[in-house]
Amino acid sequence: GGDPAVKWLTDNGFEIIGSGSAASGSGWATTGKLQAKSGEEFFVKQAPKPAESMFKGEAIGLRALYDTSTVRIPKVYHYGDRTDGRDGSYIIMESLQMGGRSSMYDFGVDMAKLHLATPTVKEAKEGMFGFPLDNTIGATPQPNGWMDDWAEFFRVRRIGHQVKLSRDKKLRDLWEQVEKETDGLKSLFKDIEVKPSTLHGDLWSGNYASTKDGQMAIFDPAVYYGHHEAEWGMSWCASFGSEFWKGYRSLIPEDPGFRKRAILYEAYHKLNHYNLFGGGYYYDAYSLLEALLD
């Protein structure tokens, strides 16, 4: 059968002269690197399941980020199922040259530019929140059906979804109390206008790195169109620092009520971590939801 990625690249005019292993990898996919005679380097992931379930969400997400022409994103060349009769699928993207030092201030500016960019997808351009397809946050399904009300979207598709997955009565009772006291989260958004921004969706220190040309790159996203503040729900393990925030806030000043909404956005990720890993994340998630009642 040969390598499906090599076949696709060869069919599309790239002469592959070398291959190697790639540093990153996870339990469900094997990764590798390919080198073309013309100088390009490709990063390839392969998995035993169909592309529709494995790579489509990642590919469409990376392209949505890439199309804003702001922060550095690996270009997606192709994803698809094997065509040699064997099971499995693959995705081919640009292999970023990692290394060097990037300015955190500039990274903050780039992230602000990403959030200020006009979405490339029609529904988001028209003010809707969501994404053209559901994807995953870690290994948890992330539903993205379009809605025109952000508070409602986050209530139903984000926190409500994770609370349901937890199958925990105490969490559910607390969440119902939060819904009641915040008028279905609407009271948290009283004084601000929320527009759909293109979000990476899972931005922590493992998902950004410096490239040799000095620009910070972001990857492994869980993309959707949402409130720009929701991007910071993983800040507790992102190591952004003050220079980053100076850069970001130079273009997007802090809105009133941000501190309280930051609790809401972190609660989504802590609930997800509880659903994935259990343990102490339960108490984190519980106390964050509780803090919304103050």
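See the structure printed just above.
The sections below set out a description of the structure shown in this document. Within any chain, residue numbers begin from 1 and follow the written order of that chain's sequence. For a predicted model such as this one, the threshold for reporting local features is a pLDDT of at least 70, and the threshold for listing and counting side-chain atom pairs is 80 or more; totals across whole chains, interfaces and linings nevertheless cover every residue. Processing note: side-chain calculations cover all non-hydrogen atoms of the structure and skip hydrogens and water entirely.

## Description of helix α6 (residues 150-166)
The condition is simple: Only DSSP runs of H or I reaching four residues or more are called helices, and only runs of E reaching two or more are called strands; each is numbered from the N terminus. Helices are assigned an expected span. That span is 1.5 Å times one less than the residue count. The bend reported for a residue corresponds to the angle between axes fitted to the seven residues ending at that residue and the seven starting there. A simple rule labels every residue: compare its accessible area, found with a 1.4 Å probe on the protein chains alone, to the largest value its type can have, and call it buried under 20%, exposed over 50%, or partly exposed in between. Residue contacts are counted whenever heavy atoms from the two residues lie within 4.5 Å of one another. The definition of a polar contact used here is a pair of N or O atoms within 3.5 Å, where within protein one atom must be able to donate a hydrogen and the other to accept one, and adjacent residues in sequence count solely through side-chain atom pairs.
An ideal rise of 1.5 Å per residue puts 24 Å on 17 residues; α6 measures up with 23 Å between its terminal C-alpha atoms. Along α6, the helix axis deviates most sharply at Gly-160, where the bend reaches about 40 degrees. Of all the positions in α6, only Trp-150, Ala-151, Phe-153, Phe-154, Arg-158, Ile-159, Gly-160, His-161, Gln-162, Val-163 and Ser-166 are classed as buried. In the core, the buried residues of α6 are packed alongside β6 (135-137), β7 (140-142), α7 (169-181), β11 (224-226), α9 (258-277) and α10 (281-291). Two or three places before Ala-151, at the start of α6, stands the capping residue Asp-149, its side-chain oxygen 3.0 Å from that residue's backbone nitrogen.

## Section: the pairing of strand β1 (residues 16-21)
What counts here: Pairing between strands is defined by DSSP: at least two bridges between the two strands are required.
Burial analysis of β1 places just zero of its six residues in the buried class, which makes it a mostly uncovered element. Where β1 and strand β2 (residues 30-36) come together, five bridges link them in antiparallel fashion. Following the sheet pairing, Gly-20 is matched in β2 by Lys-33.

## Side note on the packing of α7 against α10
In plain terms, the rule: Note on definitions: angles span 0 to 180 degrees between N-to-C directions of axes, and those axes are lines fitted to C-alpha atoms, for helices only across the stretch in contact. Each angle gets one of four labels, with under 35 degrees taken as roughly parallel, over 145 as roughly antiparallel, 65 to 115 as roughly perpendicular, and the rest as oblique. Definitions for this section: a left-handed crossing has its near helix turned counterclockwise from the far helix by less than a right angle. A right-handed crossing has that turn clockwise.
Their axes nearest at 9 Å, the elements α7 and α10 cross at an angle of 20 degrees. Classified by the angle between their axes, α7 and α10 sit roughly parallel to one another. At the point where α7 passes α10, the crossing takes the left-handed sense. Contact with α7, carried on its side by Lys-170, Leu-171, Leu-174, Trp-175 and Val-178, involves Tyr-282, Tyr-286, Leu-289 and Glu-290 of α10 and no other residues of that element.

## Considering unusual backbone geometry
Within the chain, Asp-183 stands out as a residue other than glycine whose phi angle is a positive 55 degrees. On the secondary structure map, Asp-183 appears in the loop between α7 and β8 (197-199). The exposed category is assigned to Asp-183, whose relative accessible area is 53%. The residue Asp-220 is not glycine, and still its phi comes out positive at about 50 degrees. Its location among the elements puts Asp-220 in the loop between β10 (216-218) and β11.

## Things to note about the nonpolar core
Considering soluble globular proteins, one finds that nonpolar side chains tend to be buried as a cluster. Heads up, the condition is: Put simply, a nonpolar core is a bunch of buried Ala, Val, Leu, Ile, Met, Phe, Trp, Tyr and Cys residues held in one set by side-chain atoms that sit within 4.5 Å of each other.
The biggest cluster of nonpolar side chains holds 67 residues, and the ones touching the most others in it are Met-111, Trp-150, Phe-154, Ile-159 and Phe-189. Among residues more than four places away in sequence, those in contact with Met-111 are Val-71, Leu-203, Ile-218, Glu-231, Trp-232, Phe-244 and Tyr-248. If you look at the next biggest cluster of nonpolar residues, it comprises ten residues, including Ala-5, Leu-34, Ala-36 and Ile-92.

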